[in-house]
Amino acid sequence: MTKNTRKKGRSLQYEPLESREMLSASAGLRNGVLTVSGTKYAEAVYINQTAGVISIAGVQGSWSADQVNSIYINLNKGGDVVSLDSLAHGGTESLAENVVISSNKKESVTVHLANGHDV
């Protein structure tokens with residue numbers, strides 16, 4: 001009788017890591033205007049709305065959608081990305097606020113809209 005000398009091996013597995021983005025944007029609400037401010041670095045700003053509450057991925061705080069009349073995004077410099085597609089980023093409601101996006105003229109900004117079009 002031959003004895004099996006092969007050791008039971010462990011099966012190799014891996015888990016993908018979540019995205020590691022340095023978000024340095026900040027936001028605040030004043031007089032019905034939610035202002036999001038970027039830095040000289042590239043930011044990815046993902047805005048979503050769930051149960052009447054607006055939040056921004058990686059930014060501390062959340063705001064009642066009833067108190068937000070418009071959103072002003074000033075990205076400064078950097079090759080930034082802004083997504084207003086709430087449903088694509090964990091939100092359960094589409095954004096209904098007016099949005100203004102401002103950036104340095106020499107830098108590119110990609111904006112993802114809720115209808116699937118990029119601007």
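What counts and how
Residues numbered from 1 in each chain as written. Predicted model: local features only at pLDDT ≥ 70, side-chain atom pairs only at ≥ 80, totals over all residues. Heavy atoms only, no water. Helix = DSSP H or I, 4+ residues; strand = E, 2+ residues; numbered from the N terminus. Buried < 20%, exposed > 50% of the residue type's maximum accessible area, 1.4 Å probe, protein only. Pairing = 2+ DSSP bridges. Contact = heavy atoms within 4.5 Å. pLDDT = per-residue confidence, 0-100. Core = buried A, V, L, I, M, F, W, Y, C linked by side-chain atoms within 4.5 Å.

A. Molecular detail of unusual backbone geometry. Phi at N31 takes a positive value of approximately 50°, unusual for a residue other than glycine. Position of N31 among the secondary structure elements: in the loop between β1 (26-30) and β2 (33-37). Assessed through its relative accessible area of 73%, N31 is described here as exposed. One non-glycine residue, A51, adopts positive backbone phi at about 50°. If you trace the backbone, A51 turns up in the loop between β3 (44-50) and β4 (53-56). You can call A51 exposed: its relative accessible area is 64%.

B. Molecular detail of the pairing of β1. Bridge analysis of β1 against β2 gives five bridges, and the strand direction is antiparallel. Within β2, the residue paired with G28 across the bridge is T35. If you look at the hairpin formed by β1 and β2, you'll find two residues sitting between the two strands, and N31 has a positive phi there, around 50°.

C. Summary view of the environment of S37. Tracing the sequence through the fold places S37 in strand β2. The exposure class of S37 is partly exposed, given its relative accessible area of 28%. Along the backbone, S37 and N76 are 39 residues apart, and their C-alpha atoms lie at a distance of 7.6 Å. S37 has contacts with A25, S26 and N74, leaving out every residue within four places of it along the chain.

D. Examining the confidence of the model for the chain more closely. Mean pLDDT over the chain works out to 79, with 69% of the residues at or above the 70 mark. Summarising per-element confidence for the chain, the mean pLDDT is lowest in strand β9 (residues 109-112) (69) and highest in strand β5 (residues 62-64) (94).

E. How the structure looks around the nonpolar core. Membership of the largest hydrophobic core comes to 18 residues, with the highest contact counts inside it found for I47, I56 and I73. Listing elements by their share of this core, those giving two or more residues are β2, β3, β4 and β6 (70-74). If we ignore the near neighbours within four places in the chain, the residues touching I73 are V36, I47, V82, L84, V99, V100, I101 and S102.

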